[in-house]
Amino acid sequence: MSLVFRFLWAITLSLVVVIAFLRTWNWEHGGRRRKWQEQNETVVYISPLFFLVAIGFYGELYLLLYGIKGGIVHFAMDMADMFICMSVYFIILLILLPFLRGRFSARACALLWSMPMLLLLYRSFISSDTAYTPGQGGALYAIYVPGSILYGFVYLWAALFVIFFGWQIFSNCLFRRKLMAGARPVEDAEVLEIWERQRKGLHYGKPIQLFYSPNAVTPLSMGVRNSSRVTFLPERDFTADELELIFRHELHHIQRRDVDTKVFLGFCKALFWFNPLTWIAARKASDDLELACDEIALRKAGDSERRQYAELLLHTAGSSRGFSTCLSAAASSLRYRLKNVVEPGKRRAGAFLLAIAVFFCCMSYGSIVLVSERATIGELDVLGNVAAADIGELSFCDNDELEDPNLHTWYELDSCDNEILSWLKGLKVEKLFSGGTFDESRAPEFSCCVKAGEEEIRITLNDDILEISDSEKMGADYYLVRSEIHWNDVREYFKARQ
């Protein structure tokens with residue numbers, strides 16, 4: 001994939017996100033809706049659960065194509081590329097977060113945490129190479145991890161991912177069951193009237209259950225499906241004004257499908273359980289979800305209503321569990337929320353900020369990779385015990401002797417000798433642990449076909465990348481070339497045998 005195509009795709013994704021964000025921003029701030037849009041959630045284009053389903057689909061596809069062992073490894077290779085880019089992104093975002101929160105909307109800041117997941121879309125729709133190679137408009141930085149450690153860790157990672165995410169789902173079910181124990185539907189006419197008025201004001205007509213629960217400490221909402229969505233109220237008396245604020249806050253959570261986001265954040269924590277940055281990012285994202293709902297719920301509020309809202313947050317303070325959104329979180333984030341409620345600053349929507357984040361993620365994806373083995377081709381036993389007679393269909397694409405670099409001279413040979421075989425086995429390489437493919441079709445380039453029994457191995461080599469594709473396997477293995485290749489010697493060899 002050329003740098004131009006990568007640039008155009010990054011721009012396209014950025015525009016999609018900006019248009020979707022501005023559309024939902026307009027809806028939430030009183031913009032006009034059509035009748036068929038009245039029940040739409042104000043998610044930015046798609047629910048975060050899409051990414052979870054898509055990643056799960058990729059995992060299952062790899063298991064079907066490569067078996068359990070090979071599927072886990074290939075899936076881990078894809079996740080390794082995403083993990084590296086996400087880690088760099090989260091570090092930058094954590095540094096900039098205090099600055100961004102003071103100047104841009106909480107809605108934009110909340111969405112920033114999920115922007116790296118657009119890498120999945122980026123990876124999905126690219127049929128060519130998805131990682132940079134040296135000399136193609138972007139440097140490729142390789143991080144070496146010994147293969148014995150890396151591949152051993154892959155199976156540990158897969159096992160703990162299942163355990164972590166399974167435990168989160170189980171805990172969520174237990175928490176919901178606890179809330180439902182002794183819960184009763186809200187039947188008070190005044191409370192229901194306020195509830196319906198807020199629903200109508202937000203143009204939200206999908207079913208939501210409303211319950212009082214003796215085990216609820218703070219108002220909260222749960223459920224990702226229409227039939228399972230429920231808002232719980234603590235067993236205490238609220239004034240009409242307090243109920244207006246509570247319902248406005250929780251309905252915005254539901255309308256934005258923030259519970260879906262909580263599930264997705266839990267999935268990310270399980271997927272990258274070994275990365276503390278992911279856990280920090282998930283916590284910060286949850287905080288920003290609450291800040292975003294405070295922001296929109298108090299959009300037209302005066303000073304007295306803001307003070308009342310702040311008092312409500314204090315009186316209902318408590319931590320949420322499972323995949324839920326709540327009115328008032330624990331003390332760790334409450335201080336900042338209260339400050340923003342009482343002293344709101346003027347903030348920009350942040351659409352341009354999201355565009356920059358998407359563009360950055362797409363353009364940087366694949367610029368850093370893991371390498372798992374360092375050795376010569378002979379030491380890696382890539383070719384096995386083949387003899388020179390087993391190598392044929394040699395070709396050399398040369399452009400050094402032509403004025404136009406787009407014009408190439410091709411040399412072809414039917415057979416090989418020990419000189420070429422020794423040269424190939426002596427090249428120093430590093431195996432790339434990456435789910436991406438790499439564009440190796442650049443002159444000068446050498447290629448040959450190796451026959452080992454019933455297998456046929458195609459080797460393609462240029463200055464930076466060695467590609468080895470096996471007729472018995474899907475895909476190809478890629479290696480970074482660390483030896484200096486003397487192309488003049490290769491050229492003279494082919495000329496002498498023409």
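Higher on the page you've got the structure.
A short tour of the structure in this document, coming up. What you see as residue numbers is a count from 1 along each chain, following the sequence as written. With the structure being a predicted model, the display of local features is reserved for residues of pLDDT at least 70 and the display and counting of side-chain atom pairs for 80 or more, all residues being used for whole-chain, interface and lining totals. Computation of side-chain values covers all heavy atoms of the structure but excludes hydrogens and water.

**Brief notes about a nonpolar patch on the surface**
Put simply, the rule is: Patch membership requires over 30% relative accessible area and the absence of a salt bridge. Like charges are linked within 9 Å, and nonpolar side chains (Val, Leu, Ile, Met, Phe, Trp, Tyr) within 5 Å. For the area figures, the Shrake-Rupley method with a 1.4 Å probe applies, and any residue is considered shielded solely by the protein chains shown. Any Lys or Arg side-chain nitrogen found within 4 Å of a carboxyl oxygen on Asp or Glu counts as a salt bridge. In this text, helices come from DSSP runs of H or I with a minimum length of four residues, and strands from runs of E with a minimum of two, each type numbered from the N-terminal end.
Together, V4, F7, L8, I11, L15 and I19 make up an exposed nonpolar region whose accessible area comes to about 570 Å². Looking at the element boundaries, F7 is found in helix 1 (residues 3-28).

**Here's the deal with the packing of aromatic side chains**
For clarity, the threshold we go by: Any two of the Phe, Tyr and Trp rings considered here, Trp counted by its six-membered ring, make a pair once their centres fall within 6.5 Å; the pair's planes then place it as stacked at under 30 degrees, edge-to-face at over 60, or tilted in between. Here, a charge over a ring means that NZ of Lys or CZ of Arg falls within 6 Å of the ring centre while also lying within 35 degrees of the ring normal.
One pass over the full model with this rule turns up 34 aromatic pairs. Three or more aromatic residues joined by ring pairs form one cluster here, namely F83, F153, F164, F272, W273, F274 and W279. For R374, the ring lying beneath its charged end belongs to Y144, and the centroid distance is 4.2 Å.

**Regarding unusual backbone geometry**
Although it is not a glycine, H203 sits at a positive phi angle of roughly 60°. Note that H203 resides in the loop between helix 6 (189-201) and strand 3 (209-213). With phi around 55°, E393 is a residue other than glycine that occupies positive phi space. Mapped onto the elements, E393 comes out in strand 8 (residues 391-398).

**Some thoughts on the pattern of salt bridges**
A pair can form between side chains of opposite charge whenever their charged atoms are brought close. Our working definition: For every residue, the accessible area (1.4 Å probe, protein chains only) is compared with the maximum for its type, and the residue is labelled buried under 20%, exposed over 50%, or partly exposed between those bounds.
Following the criterion strictly, the structure yields 13 salt bridges and no others. R101 is the salt-bridge partner of D288, the closest N and O atoms lying 2.9 Å from each other. Of this pair, D288 sits in helix 9 (residues 276-297) while R101 is found in helix 2 (residues 49-103), placing the two residues 187 residues apart along the sequence. Here D288 matches R101 in class, with each residue buried. Two residues, D398 and R491, come together in a salt bridge whose shortest N-O distance is 2.6 Å. Residue D398 is located in strand 8, and its partner R491 is located in helix 14 (residues 487-496); the two are separated by 93 residues in the primary sequence.

**Observations regarding the sheet that holds strand 3**
Heads up, the rule is: A pair of strands counts as paired when DSSP detects no fewer than two bridges linking them. Note on definitions: a residue-residue contact is assigned when non-hydrogen atoms from the two residues lie within 4.5 Å. The axes used here are C-alpha line fits, helices contributing only the stretch in contact, and every angle between their N-to-C directions lies in the interval 0 to 180 degrees.
Read from one edge to the other, the open sheet built from 5 strands follows the order 2-3-5-4-6, with strand pairing classed as mixed. Strand pairing shows two members of the sheet lacking a second neighbour, strand 2 (184-185) and strand 6 (324-326), which therefore form its edges. Note that strand 2 and strand 3 share 2 bridges and pair antiparallel. Directly across from P185, in strand 3, lies its bridge partner F211. Sheet contacts for helix 8 (residues 258-271): strand 4 (220-222) and strand 6; angle to strand 6, the most-contacted strand, approximately 125°.

**Some words on the environment of F396**
The residue F396 is located in strand 8 in this model. Judged by relative accessible area, which is 0%, F396 ranks as buried. C-alpha separation for the pair F396 and W410, spaced 14 residues apart in sequence, amounts to 5.7 Å. Excluding residues within four positions of it along the chain, F396 makes contact with T409, W410, Y411, P444, E445, W487, V490, R491 and F494.

**Looking at helix 2**
Quick note on the threshold: Multiplying one less than the number of residues by 1.5 Å gives the expected span of a helix. What we call the bend at a residue is the angle made by axes fitted to the seven residues finishing there and the seven residues starting there.
Over its 55 residues, helix 2 runs only 29 Å from end to end, short of the ideal 81 Å by more than 12%, given 1.5 Å per residue. Roughly 130° is the biggest bend found in helix 2, and it falls at G67.

**Focus on empty space enclosed by the protein**
Applicable threshold: For cavity detection a 1 Å grid was placed over the protein atoms alone, and a set of points counts as a cavity when a 1.4 Å probe fits there but cannot get out; an open set counts as a pocket when protein lies on both sides within 12 Å along at least five of seven lines, with lining residues being those that have an atom within 4 Å of a point. Grid points are joined across faces, edges and corners, and a volume is the space filled by probe spheres set on the points. Under the scheme applied, nonpolar residues are Ala, Val, Leu, Ile, Met, Phe, Trp, Tyr, Cys and Pro; charged residues are Asp, Glu, Lys and Arg; polar residues are all the others, including Gly.
In total, this model carries 4 cavities of 30 Å³ or more according to the counting rule given. The calculated volume of the largest cavity comes to roughly 90 Å³. Lining the largest cavity we find M86, F90, W113, S114, P116, M117, F264, L265, C268, T278, A281 and A282. Among the residues forming the lining of the largest cavity, the class breakdown is 10 nonpolar, 2 polar and no charged.

**Brief notes about the nonpolar core**
Note the threshold: Here the nonpolar core consists of buried residues drawn from Ala, Val, Leu, Ile, Met, Phe, Trp, Tyr and Cys, with membership extended through side-chain atoms lying within 4.5 Å.
With 66 residues, the main nonpolar core has L271 and F433 as its most contacted residues. Looking at this core, the elements that each hand over two or more residues are helix 1, helix 2, helix 3 (106-112), helix 5 (147-180), helix 8, helix 9 and helix 12 (351-364). When residues in this core are grouped by element, the largest group, 20 residues, is from helix 2. Excluding anything up to four places from it in sequence, F433 contacts V73, A76, M77, A80, D81, L150, Y151, V154, L370, V371 and S372. Counting residues in each nonpolar core, the second largest holds 33 residues, with L394, C416, I457 and W487 among its members.

**Some remarks on the packing of helix 7 (residues 240-255) against helix 10 (residues 303-315)**
Put simply, the test is: When an angle is under 35 degrees it counts as roughly parallel; over 145 it counts as roughly antiparallel; between 65 and 115 it counts as roughly perpendicular; any other value is oblique.
Relative to each other, helix 7 and helix 10 sit at 75°, their axes nearing to 10 Å. The pairing of helix 7 with helix 10 is recorded here as roughly perpendicular in orientation. Touching D241, E242, L245, I246, R248 and H249 of helix 7 are E305, Q308, Y309 and L312, all from helix 10. Each residue belonging to the contact of helix 7 with helix 10 can be placed in one class, and the counts come to 4 nonpolar, 2 polar and 4 charged.

**Things to note about helix 14**
Worth spelling out the cut-off: Throughout, the arc means that of the directions going from the helix axis to the C-beta atoms.
Buried within helix 14 are the following residues: W487, V490, R491, Y493 and F494. When helix 14 is viewed along its axis, its buried side chains cluster within an angular range of 160° and face the same direction. Projecting away from the buried face of helix 14 at angles above 90 degrees are the exposed residues D489 and A496.

**As for the pairing of strand 10 (residues 428-433)**
Within strand 10, 5 of the 6 residues are buried, which leaves it mostly tucked inside the rest of the structure. Judged from the 6 bridges that link them, strand 7 (residues 368-376) and strand 10 form a sheet pairing that is antiparallel. Paired with R374 across the two strands is E430, which belongs to strand 10. Direction of pairing for strand 10 relative to strand 14 (residues 476-481): antiparallel, over a ladder of 3 bridges. Across the sheet, V429 pairs through a bridge with V481, a residue of strand 14.

**Topic: the pairing of strand 8**
Burial analysis of strand 8 places 7 of its 8 residues in the buried class, the great majority of the element. In terms of strand pairing, strand 8 meets strand 9 (residues 409-415) through 6 bridges, oriented antiparallel. Note that in strand 9 the partner of L394 across the bridge is L413.

**Things to note about the side chain of H253**
Inspection of the secondary structure assignment puts H253 in helix 7. Among the residues examined, H253 registers a relative accessible area of 1% and is labelled buried. If we skip the residues at most four places from it in the chain, H253 touches D258, L289, E290, C293, T325 and C326.

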